[in-house]
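Coordinates in review
Below, each chain spelled out in residue letters.
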Amino acid sequence: MIDSLAAAYRTLYGWLIADRDDVLVVSHVRPDGDALGAQTAMHRIIQKLGRRSAMVNADHPPKRFDYLPGYAEIHTVEALMSRGPYRRAVFVDCADRARIGDVEALLSSDARIANIDHHATNDRYGEINVVRAEASSTCEIVYDFVRAVGVAMDEALATALYTGLLTDTGGFRYQNTSPKVLHDAAELVECGAEPYSIAEQALETMSLPQLRLLARVLGDIQLYAGGRVALIEVTAEALREAGAELDDTEGLVHYARNIEGVEVAVLLREQDEGIKASFRSRRRVDVAALAQKFGGGGHVRAAGATLAPPMAEARARVLEVLRATLSNPEEGKR
Ligand SMILES: [Mn+2]
């Protein structure tokens, strides 16, 4: 491990044990496997260090992650209102402070924040910033922390950390699947993580409404820019008719990306706060840069943004920028 990284982990360790205020451990709105894995792992680590912490997210964690250690202790904002405000918080997998959504209401105005994240667009909003864009997942960073400061591993911690490695690499398939990720995963399996059962629950299990929604939206998939852009739209009506929830749209964008010849896949979802766009690219276009043009962010191959409604205008704006990006051989390349 390089020295500056080792120093960053020692600083984080010192920060965590420096005082006895309860630490709030928070991940982002609509948390995914990496967010929840890193959150439950950090909660467990803080307890192992002899300090007190509480977990909270703006949105309920999806039920398919209910095997995570401490899943039942991930609170809603309302449940912690009487215990707040909190003066210290660890943010995991959040590229900017606003990603915690309504959890902001639980923080005191002078709250001190430790920011642990792997998004290239992270704006270093913390007092402590452990931000590594080259890491596959926030869980990979947390696992490095565990090893750097010598926290005792156990099966629960291994299960939480393995979940983030698995889900953020799409089952060890995406470009962020490095030799190190695979070594880390093997170690976590040696520590008790169960690859088959975690993959079955975190990746493979679908609800019937989720499958109905998939069947419906795949029929209306559209190709643009000579087949290099594929677009899926999920209207509020489609969601309602399938009996599905927003979380059930997770993963839909990959079906668009998997079409032969498609370079960029776009998923547009109608939500209360606007049109949520998810971008995935196969190997050429930097979709983090694309998302930033719409005020969003993310990773080179996976990013997102929120656009103003209605759907048709959001679609037109996204396609306009994408066509310009794809017609310029240099722009957006990475
Ligand atoms: Mn992540």
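A short tour of the structure in this document, coming up. Quick caveat, the model's predicted, so the values are computed rather than measured. (Residues numbered from 1 in each chain as written. Predicted model: local features only at pLDDT ≥ 70, side-chain atom pairs only at ≥ 80, totals over all residues.)

Things to note about the overall build of the protein chain
Per the secondary structure count, the protein chain includes 12 helices and 12 strands. Computed over its C-alpha atoms, the radius of gyration of the protein chain comes to 20 Å, within 12% of the 20 Å expected for a compact globule of 334 residues. Seen through its C-alpha atoms, the protein chain measures out along the principal axes to roughly 55 × 40 × 40 Å. Taken over 334 residues, the protein chain has a buried fraction of 44%. Long-range pairs, those at least 24 residues apart, make up 65% of the contacts in the protein chain between residues at least 6 apart in sequence. (Helix = DSSP H or I, 4+ residues; strand = E, 2+ residues; numbered from the N terminus. Rg over C-alpha atoms; globule rule 2.2 N^0.38 Å. Buried ≥ 20, exposed ≤ 12 C-beta atoms within 10 Å, placed from the backbone. Contact = placed C-beta atoms within 7 Å.)

Things to note about the pairing of strand 9 (residues 264-271)
In summary, the side chains of a regular strand alternate between the two faces of the sheet. Extensive coverage of strand 9 is indicated by the burial of 6 of its 8 residues. The pairing of strand 8 (residues 229-234) with strand 9 spans 6 bridges and is parallel. Bridge pairing in strand 9 links Val-229 to Val-264. (Pairing = 2+ DSSP bridges.)

A short note on the sheet that holds strand 8
Reading across the sheet, the 6 strands line up as 7-8-9-10-12-11 and stay open at both edges, with mixed pairing between neighbours. Edge strands, defined here as strands with exactly one partner in the open sheet, are strand 7 (222-224) and strand 11 (297-298). Here 8 bridges tie strand 9 to strand 10 (residues 274-281), and the two strands are oriented antiparallel to one another. Across the sheet, the residue bridging to Arg-269 is Lys-276, located in strand 10.

Regarding unusual backbone geometry
Among all residues except glycine, the phi angle is most often negative; among peptide bonds, the trans geometry is most common. Gly-84 connects to Pro-85 through a cis peptide bond whose omega is -5°. Its location among the elements puts Pro-85 in the loop between helix 3 (77-80) and strand 4 (86-92). In the Ramachandran plot, Arg-124 falls in the positive-phi region, its phi being about 55° despite a non-glycine side chain. Among the secondary structure elements, Arg-124 is positioned in the loop between strand 5 (107-117) and strand 6 (128-131).

Considering the nonpolar core
Counting 55 residues, the largest nonpolar core has Val-142 and Leu-161 as the members making the most contacts within it. Within the second largest apolar cluster, 35 residues are counted, among which are Ala-244, Val-264, Val-287 and Ala-288. (Core = buried A, V, L, I, M, F, W, Y, C linked by C-beta atoms within 7 Å.)

Here's the deal with the packing of helix 2 (residues 33-48) against helix 5 (residues 155-168)
How two helices sit against one another is set out by the angle between their axes and by the gap between those axes. Two elements in contact, helix 2 and helix 5, have axes separated by 7 Å at closest approach and are oriented at 155°. The angle between helix 2 and helix 5 places the two elements in the roughly antiparallel class. Of the two elements, helix 2 crosses helix 5, and the hand of that crossing is left-handed. Where helix 2 approaches helix 5, its residues Gly-33, Asp-34, Gly-37, Ala-38, Thr-40, Ala-41 and Arg-44 are matched on the opposing element by Ala-156, Leu-157, Ala-160, Leu-161, Thr-163, Gly-164, Leu-166, Thr-167 and Asp-168. (Axes fitted to C-alpha atoms, helices over the stretch in contact; angles between N-to-C directions. Parallel < 35°, antiparallel > 145°, perpendicular 65-115°, else oblique. Left-handed = near helix turned anticlockwise from the far one by under 90°.)

Regarding the environment of Asp-248
With respect to the secondary-structure elements, Asp-248 resides in the loop between helix 9 (236-242) and helix 10 (252-257). Residue classification places Asp-248 among the buried residues on the basis of 22 C-beta atoms within 10 Å. Separated by 80 residues in the primary sequence, Asp-248 and Asn-328 place their C-alpha atoms 35 Å from one another.

A look at the environment of Gly-170
Residue placement: Gly-170 occurs in the loop between helix 5 and helix 6 (179-190). Take Gly-170: there are 17 C-beta atoms within 10 Å of it, and that puts it in the partly exposed class. For the pair Gly-170 and Leu-218, spaced 48 residues apart in the sequence, the C-alpha separation amounts to 20 Å.

Re the sheet that holds strand 2 (residues 53-56)
The strand order 3-2-1-4-5-6 describes an open sheet built from 6 strands, whose pairing is parallel. A strand with exactly one partner marks an edge of an open sheet, and here the two such strands are strand 3 (74-75) and strand 6. As paired strands, strand 1 (residues 23-26) and strand 4 are joined by 4 bridges and run parallel to one another. Of the residues in strand 4, the one forming a bridge with Val-25 is Val-90. Strands strand 1, strand 5 and strand 6 of the sheet are contacted by helix 1 (residues 3-18), whose axis makes an angle of about 135° with strand 6. The sheet contacts of helix 4 (residues 138-149) involve strand 4, strand 5 and strand 6, and relative to strand 5 the element is tilted by about 90°.

Quick look at the packing of helix 5 against helix 6
Put simply, helix 5 and helix 6 touch, their axes get as near as 9 Å, and they point 150° apart. In terms of orientation, helix 5 and helix 6 fall into the roughly antiparallel class. Where helix 5 crosses over helix 6, the handedness of that crossing is left-handed. Between helix 5 and helix 6, the contacting residues are Ala-158, Leu-161, Tyr-162 and Leu-165 on the first element and Val-181, Asp-184, Ala-185 and Leu-188 on the second. Considering only residue class, the contact of helix 5 with helix 6 consists of 7 nonpolar, no polar and 1 charged. (Nonpolar A, V, L, I, M, F, W, Y, C, P; charged D, E, K, R; others polar.)

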